[in-house]
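Coordinate analysis (summary)
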Amino acid sequence: MPPKTMKAMMLDRPGTELHLREIAVPEPGRHQVLIEVLACGVCRTDLHVVDGDLTEPKLPIIPGHEIVGTVVATGMDVTGLAPGARVGVPWLGHTCGACPYCRTQRENLCDAPGFTGYQIDGGYADYAVADADYCFPLPADGDAAKQAPLMCAGLIGYRSYRMAGEAKRLGIYGFGAAAHILAQLAVHQGREVHAFTRSGDRMAQEFAAELGCVWAGSSEEEPPVPLDAAIIFAPVGSLVPAALKAVVKGGTVVCAGIHMSDIPQFPYSILWEERVVRSVANLTRRDGHEFLELAAKAPIETEIRRYPLANANRALADLRSGAITGAAVLIP
Ligand SMILES: [Zn+2]
Ligand SMILES: [Zn+2]
């Protein structure tokens, strides 16, 4: 039996710090499971929630949508999961199943979604509830902390990678959690990965080289060869024209973040010749199943820094300042 109360890091108001609270352990609804959180990754989107860049949070909210944990109780209508199972909980926490997007295999664009750690309490806590249909089964013998970044950085990164098409020469702008996972998959699949980091970030550039990237430099630099496609993970709008200049005719630039600063005006000539700029929103469950299968085969090894749950504010600050190589993960 789970305890009656738990520790959680809660956001009362955007623009303020999270507070450690002792609150009741939630009860799973009919379609939900109660999960004992083993680890929860800290994603850049959490920063956008905490800062108020995303304007529709439930408040107060427990952030965190890269949850890995053990099912400890199930709602009465749950059939696919039983206590003891290791699961991952992603950003996509719920969809309506009835809107035009849900009915055409585009549940990532659902008109009435619920997102984990935004509208649904997330994983910066000892326990969390999640809709069983949106949980991903994970191998129980893996290191939960290393699995956590796969749940968003990996998964939404993978959707962005899919949207970049068959690119042989792939550029990645912003070499954080998502990039370090995607680079491994792309290198494994025989692609040439070019990594663009914050100006002069030698540590990130060396890390990219270690992971098999053929070139690593600053975002202001031009790559040594034209790229077939580029993915922008950094929330920096000025990277869009930079990436457009770096891709070949017909090349695609994918904006992978949920929030980005304004894109500066640019001449039509850099978009001309069928270059494409597109965004990627959220994930579908199909993306998740596909990616987790590929990640297990590649295999992908995540680089993480562990923080105790109570140090969530510190983890967010380190992510903001770029002081983390790889991904930050909270351990309850
Ligand atoms: Zn829908
Ligand atoms: Zn995320």
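Conventions used here
- Residues numbered from 1 in each chain as written.
- Chains lettered and ligands numbered in written order.
- Predicted model: local features only at pLDDT ≥ 70, side-chain atom pairs only at ≥ 80, totals over all residues.
- Heavy atoms only, no water.
- Donors = N, O, S within 2.8 Å, 3.2 Å for Na, K, Ca; no water.
- Helix = DSSP H or I, 4+ residues; strand = E, 2+ residues; numbered from the N terminus.
- Buried < 20%, exposed > 50% of the residue type's maximum accessible area, 1.4 Å probe, protein only.
- Contact = heavy atoms within 4.5 Å.
- Axes fitted to C-alpha atoms, helices over the stretch in contact; angles between N-to-C directions.
- Parallel < 35°, antiparallel > 145°, perpendicular 65-115°, else oblique.
- Nonpolar A, V, L, I, M, F, W, Y, C, P; charged D, E, K, R; others polar.
- Pairing = 2+ DSSP bridges.
- Tetrahedral: all angles 85-135°; square planar, octahedral: opposite > 155°, others 65-115°.

1. With respect to the coordination of the zinc ion (ligand 2)
Surrounding the zinc ion (ligand 2) are the protein donor atoms Cys43 (SG), His65 (NE2) and Cys152 (SG), at 2.0 to 2.2 Å. In primary-sequence terms, the residues that donate to the zinc ion (ligand 2) follow C-x21-H-x86-C. Remark: cysteine 152 occurs in the loop between helix 2 (144-147) and helix 3 (153-163) and cysteine 43 occurs in the loop between strand 3 (32-42) and helix 1 (44-51); sequence separation between them is 109 residues. Assessed through its relative accessible area of 5%, cysteine 152 is described here as buried.

2. Looking at the environment of lysine 245
With respect to the helices, strands and loops of the structure, lysine 245 is situated in helix 6 (residues 239-246). Taking the C-alpha atoms as reference points, lysine 245 and proline 223, separated by 22 residues in sequence, lie 10.0 Å from one another.

3. Let's talk about the environment of isoleucine 156
Position of isoleucine 156 relative to the elements: it lies in helix 3. Isoleucine 156 sits 101 residues away from glycine 257 along the chain, and the two C-alpha atoms are 9.0 Å apart. Residues contacting isoleucine 156, with those up to four places away along its chain left out, are Trp91, Ala256, Val280, Asn282 and Leu283.

4. Section: the packing of helix 3 against helix 7 (residues 285-297)
In helix packing, the relevant descriptors are the interaxial angle and the interaxial distance, both defined with respect to the helix axes. Helix 7 packs onto helix 3 with a crossing angle of 95° between their chain directions and a minimal axis gap of 9 Å. Considering the angle they form, helix 3 stands roughly perpendicular to helix 7. Residues Gly154, Leu155, Tyr158, Arg159 and Arg162 of helix 3 lie in contact with helix 7, whose contacting residues are Arg286, Asp287, Gly288, Glu290, Phe291 and Leu294. Here the residues of the contact of helix 3 with helix 7 sort into four nonpolar, two polar and five charged.

5. With respect to the sheet that holds strand 13 (residues 227-232)
Here we have six strands laid out as an open sheet, ordered 12-11-10-13-14-15, and parallel in their pairing. At either end of the open sheet lies a strand with only one pairing partner, and these are strand 12 (215-218) and strand 15 (276-279). Averaged over all pairs of adjacent strands, the angle between strand axes in this sheet comes to 20°, irrespective of strand direction. Inspection of the sheet shows strand 14 (residues 247-255) paired to strand 15 by four bridges, in the parallel sense. Within the sheet, the bridge partner assigned to cysteine 255 lies in strand 15 and is serine 279. Sheet strands touched by helix 4 (residues 177-188): strand 10 (169-173) and strand 11 (192-197). Its angle to strand 10, the strand with the most contacts, is close to 170°. Seen against the sheet, helix 6 touches strand 10, strand 13, strand 14 and strand 15 and runs at an angle of roughly 150° to strand 14.

6. Here we look at the coordination of the zinc ion (ligand 1)
Taken together, the protein donors to the zinc ion (ligand 1) comprise Cys96 (SG), Cys99 (SG), Cys102 (SG) and Cys110 (SG), at separations of 2.3 to 2.4 Å. Taken together, the four donor atoms coordinating the zinc ion (ligand 1) and their angles of 103 to 119° define a geometry best described as tetrahedral. Mapping the donors of the zinc ion (ligand 1) onto the primary sequence yields the spacing C-x2-C-x2-C-x7-C. Residue cysteine 96 is classed as partly exposed on the basis of its relative accessible area, which comes to 34%. When its relative accessible area of 14% is taken as the criterion, cysteine 102 is described as buried.

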